[in-house]
Amino acid sequence: MFNFDVVDLSRFQFAATVMYHFLFVPLTLGLSFLLAIMESVYVMSGRDIWRRMTVFWGGLFGINFALGVATGIVMEFQFGMNWAYYSHYVGDIFGAPLAIEGLMAFFLEATFVGLFFFGWDRLSKVGHLVVTWLVALGTNLSALWILIANGWMQNPVGAVFNPLTMRMEMKDFGAVIFNPVAQAKFVHTVSAGYVMGAIFIMGVSAWYLLRKRHVEFAKRSMVVAASFGLAAALSVVVLGDESGYLTTEHQKMKIAAMEAMWKTEPAPASFNLFAIPDQKHEVNHFSIEIPYVMGIIGTRSLTTPLLGIDELVKRARVRVKNGILAYEDLQKVRANPQDKAARKDFDARWRDLGYALLLKRFTPDIGKATPADIDKAAQSTVPQVAPLYWTFRVMVGLGFYFILFFAVAFWLASTGRLRRYPRFLRIALWSLPLPWLAIESGWFVAEFGRQPWVIEGVLPTYYAASGLTVADLVISLSIFLVLYTGLAIVGAKVMLRAIKAGPDEPDAGTAPAELPMNGIAAPQTAA
Amino acid sequence: MEQLIPLDYATLRVIWWAVLGFLLVAFAVMDGFDLGVATILPLVSRKDIERRIVFNVVGPVWEGNQVWLIVGGGVVFAAWPLLYAMAFSGFYLAMMLLLITLILRPICFKYRSKLPDARWRSTWDALLCLCGLVAALVFGVAVGNTITGVPFVFQPDTMRPLYQGTFFGLFQPFPVLCGVISVCMLAMHGSALLSWKTQDAVAARARVTGRIFALVTVALFVLAGFWVAHGIDGFSVTGALHTGQESNPLDKTVALTLGGWMANYARWPAMWIGPVLGVAGALLAAALIGLRTGAPAFLASSASVAGIVLTFGFALFPFLLPSSMDPNASLTVWDASSSYVSLWIMLLATGVLLPIVIVYTAWVYRVMRGKVTEQSVGGGHAY
């Protein structure tokens, strides 16, 4: 009954479009905050260079923001388009944070971003500063609600399955909002966005310094970016560790896969610095281990064992068997909603219903599943280990690199020595793509590591897809391929042009001629 | 929980229907003029400076306006998950068509004037015009298909929504008429805005397009009304409709009768406010545009847009998405909603947040008041 080509193509399309969208989101998060900081300095000090910094980096922010908005609409539509059963199954809970995101956050940022660009000569200094802060607040609130939604996919709290409506329903919205996974993810994700914003400004400014252009402008920008970036880089790693700690509470399988821990180790487990995981034989080749470290990171103790994949598959097997009972209870309740005994049994067992749905992949009739089917279903809870193992290491390695990078940058910038170290400036320039690599790797770990689930333990991914045809998917994928390639080319062209043009310099001659219109000297005229 | 709150499930669902109606009207009025302005871009502006004036009329506000659509989508997801699942997956390729326009539109606005090259600019102008036209058309066609019914069923044991139609099946004569009405209505609305917010040649051309599109809208809207009354089967629930039970769209019987969509207007004559506003608003807009009144003409055209959207919503109530393949499985306000708890929480959130949104949106429009002129787009802070 399931068309696995459609499922795989839908997964590929969602992954590709969301990763593309997330090229722009973190830069928006980081730059909006940095713009607000720069403009605050302008309003407090009254020095025009800070206003020019806000205008220039704001221009680049706008080029990026347009792409973020354009690719973001796609995400909201795709839940319904490609994951219709998902939308029905969990819309009662998952829809709420998305709707509130629109009302509370996206309205705020989208309404005020227009004024950010058009309001320079219509608002007072403080009025415009407030607008800039509201844009930054809106982008960050937006991230909060989206991560509450995503956190619920990783750790579905505050909800129960209703057999009469055949879906998950909200019981405790407070639990959904204060989901510890969501909170940790929020801080980790926005911090990563701040790192990206800071590296972006470092890289572009370094390019100016290397070419001896806009020197004062670039130096000041780098001071702001270096200090902000150092704080953000520390927060990303410290709170990223928090995220890892939580993963062990709720998603033991994910962390076992990230660490390629095929077998449960006696506590405290060692950290795998290097290994080549072999999924088929469930062993690692050429591994280099650091004793104790993983146990401490993962459990915050020396005595709690971390579960390996072998043990977790055994546990999954128990849940699949229990899930079969839940599934049978469900059929009884569906056939006769008055069957109180069946309903009572079901309510006690519904948490394992999702594990029974894993069986549909191997047998059309869950009630007639053989022990071999059950083994296959339990084994299917293991995600692909090697890609997770490596992307996780890419992310962590880059996380530590950013701390080092910003520590050096901060020291050089605060002591006024940046221009004396062209080698560091070149490193800053070449570090530009790294936050993107780290962030995309991080999301890969989070989402690919959740497989085979779309909602952890509740709904298998393949079960959640829409009843589309391969032709539908081929058409939509082709459209995205053409459109997104075009956007990448156009976006890069406009962005590079704006960077090459550089900020307006007061002595460049063009700015004073435009004084009456763009309000360089008279931002208070509108009042 | 239900005992503590003086609102029963059935009423809460109707309130959500009203909230959705409000969001749809707000989207049609607010983002509608963005789409309309885009559609008439080549009709009202020729020279680059004229094009830039048009871009800068909607430039500061289109982003916020578009959020009405995003929030509308989010609210459908949260309040009627089955509707969201069925409509978005069923209209898959039509949604893709819409997405192309929604993806390109922000880029058109933001990037068009970033390069001085004439070919670059004329390409984005053409794209923006197409985006406005196609988006308006798809919205109208979707409305038309909702009126005629959509071929879908549910797998009864899993409640899995299954769409049985095709992409080209969406473009039957009546839905296409609705698409054309949508295009003309928004073109009228965009013209009314430009006749108010611009001067000279652009405003003069907008006055011409505004009057033409207003009259065409009225003619086609009345034609569609007659078609619905005399040529289209309307849906009605025949047996008992369980308005306060847990959502199950397979627990009712539905009959089709010719002209059945007019039943609500006979039952609640106050609903005629919708079609009356739609027609009178457009006629008034045509007159006021000719008299160069500015804001009043725009208000009249807003009333017309709101009236036309309401006409559709009133006719369908309590249906949200009728199924032509299995009418009994049609989605209604009462049997396709979220749970009581979810609707209640969302109502609280909306009740607090929506007024705030309206207040700051109004403030932004106030700050950006006044006509857009060659001088005002001359500085560095314009598109």
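Heads up: the structure comes first, above all this text.
What counts and how
- Residues numbered from 1 in each chain as written.
- Chains lettered and ligands numbered in written order.
- Predicted model: local features only at pLDDT ≥ 70, side-chain atom pairs only at ≥ 80, totals over all residues.
- Heavy atoms only, no water.
- Helix = DSSP H or I, 4+ residues; strand = E, 2+ residues; numbered from the N terminus.
- Rg over C-alpha atoms; globule rule 2.2 N^0.38 Å.
- Buried < 20%, exposed > 50% of the residue type's maximum accessible area, 1.4 Å probe, protein only.
- Contact = heavy atoms within 4.5 Å.
- Areas by Shrake-Rupley, 256 points an atom, 1.4 Å probe, with all protein chains shown as cover.
- Lys, Arg positive; Asp, Glu negative; His and termini not counted.
- Charge placed at Lys NZ, Arg CZ, Asp CG, Glu CD.
- Buried area = accessible area lost by both parts, 1.4 Å probe.
- Salt bridge = Lys/Arg side-chain N within 4 Å of Asp/Glu carboxyl O.
- Polar contact = N/O pair within 3.5 Å; in protein donor to acceptor, adjacent residues only side chain to side chain.
- Nonpolar A, V, L, I, M, F, W, Y, C, P; charged D, E, K, R; others polar.
- Phe/Tyr/Trp six-rings, centres within 6.5 Å; stacked < 30°, edge-to-face > 60°.

## Section: the overall build of chain A
Part 1 of the reasoning: If you tally the helices and strands in chain A, you get 20 helices and 6 strands.
Part 2 of the reasoning: Against the 2.2 N^0.38 benchmark of 24 Å for 527 residues, chain A shows a C-alpha radius of gyration of 26 Å, consistent with a compact globule.
Part 3 of the reasoning: Taken over the C-alpha atoms alone, chain A extends approximately 80 × 50 × 40 Å along its principal axes.
Part 4 of the reasoning: Looking at chain A as a whole, 60% of its 527 residues qualify as buried.
Part 5 of the reasoning: Expressed as a percentage of contacts within chain A between residues at least 6 apart in sequence, the contacts between residues at least 24 apart total 78%.
Part 6 of the reasoning: About 20100 Å² of surface is accessible on chain A, with carbon and sulfur atoms providing 66% of the total.
Part 7 of the reasoning: Taking the average location of the 45 positive side-chain charges in chain A and that of its 39 negative ones, the two points are 6 Å from each other.

## Side note on the interface of chain B and chain A
Part 1 of the reasoning: Taken residue by residue, the interface counts 76 residues in chain B and 81 residues in chain A.
Part 2 of the reasoning: For the chain B and chain A pair, buried surface summed over both sides reaches about 7100 Å², with 73% attributable to carbon and sulfur atoms.
Part 3 of the reasoning: Along the contact surface separating chain B from chain A lie 0 salt bridges.
Part 4 of the reasoning: Where chain B packs against chain A, one counts 21 residue pairs in polar contact (both at pLDDT 80 or more).
Part 5 of the reasoning: Secondary-structure elements contributing two or more residues to the side of chain B that touches chain A are helix H4 (62-79), helix H5 (81-90), helix H6 (92-111), helix H7 (118-148), strand S2 (160-163) and helix H13 (340-367) of chain B.
Part 6 of the reasoning: Class assignment of the residues belonging to the side of chain B that touches chain A gives a composition of 48 nonpolar, 21 polar and 7 charged.

## A closer look at the packing of aromatic side chains
Part 1 of the reasoning: Counted by the stated rule, this structure contains 65 aromatic pairs over all chains.
Part 2 of the reasoning: Note on Trp196(B) and Phe298(B): the rings are 5.6 Å apart at their centroids and 35° apart in plane angle, and the pair reads as tilted. Within this pair, whereas Trp196(B) is found in helix H8 (residues 173-197), its partner Phe298(B) is found in helix H12 (residues 295-316), the two being separated by 102 residues in sequence.
Part 3 of the reasoning: Judged by relative accessible area, Phe298(B) falls into the buried class, the value being 10%.
Part 4 of the reasoning: These aromatic residues form a ring-pair network of at least three members: Phe14(A), Phe77(A), Phe79(A), Tyr86(A), Phe94(A), Phe77(B), Tyr84(B) and Phe88(B).

## Here we look at the environment of Leu357(A)
Residues and elements named next belong to chain A.
Part 1 of the reasoning: Looking at the secondary structure, you find Leu 357 in helix H13 (residues 353-357).
Part 2 of the reasoning: Assessed through its relative accessible area of 4%, Leu 357 is described here as buried.
Part 3 of the reasoning: Sequence separation of Leu 357 and Gly 457 is 100 residues, and the distance between their C-alpha atoms is 10.0 Å.
Part 4 of the reasoning: With sequence-adjacent residues up to four places away left out, Leu 357 is seen in contact with Tyr 89, Tyr 327, Ile 366, Val 458, Leu 459, Pro 460, Tyr 462 and Tyr 463.

## Some words on unusual backbone geometry
Part 1 of the reasoning: Residue Gln451(A) is joined to Pro452(A) through a cis peptide bond whose omega torsion reads 10°.
Part 2 of the reasoning: Take Pro452(A): it is sitting in the loop between helix H17 (434-448) and strand S5 (453-455).
Part 3 of the reasoning: Geometrically, the link from Phe317(B) to Pro318(B) is a cis peptide bond, its omega value of 5° lying close to zero.
Part 4 of the reasoning: As for its placement among the helices and strands, Pro318(B) is situated in the loop between H12 and strand S5 (319-321).
Part 5 of the reasoning: Of note, the phi angle at Met159(B) is positive, near 60°, even though the residue is not glycine.
Part 6 of the reasoning: Its location among the elements puts Met159(B) in the loop between strand S1 (152-155) and S2.
Part 7 of the reasoning: Positive phi, normally seen in glycine, also occurs at Asp200(B), with a value near 55°.
Part 8 of the reasoning: With respect to the helices and strands, the residue Asp200(B) is situated in helix H9 (residues 200-231).
Part 9 of the reasoning: Judged by relative accessible area, which is 62%, Asp200(B) ranks as exposed.

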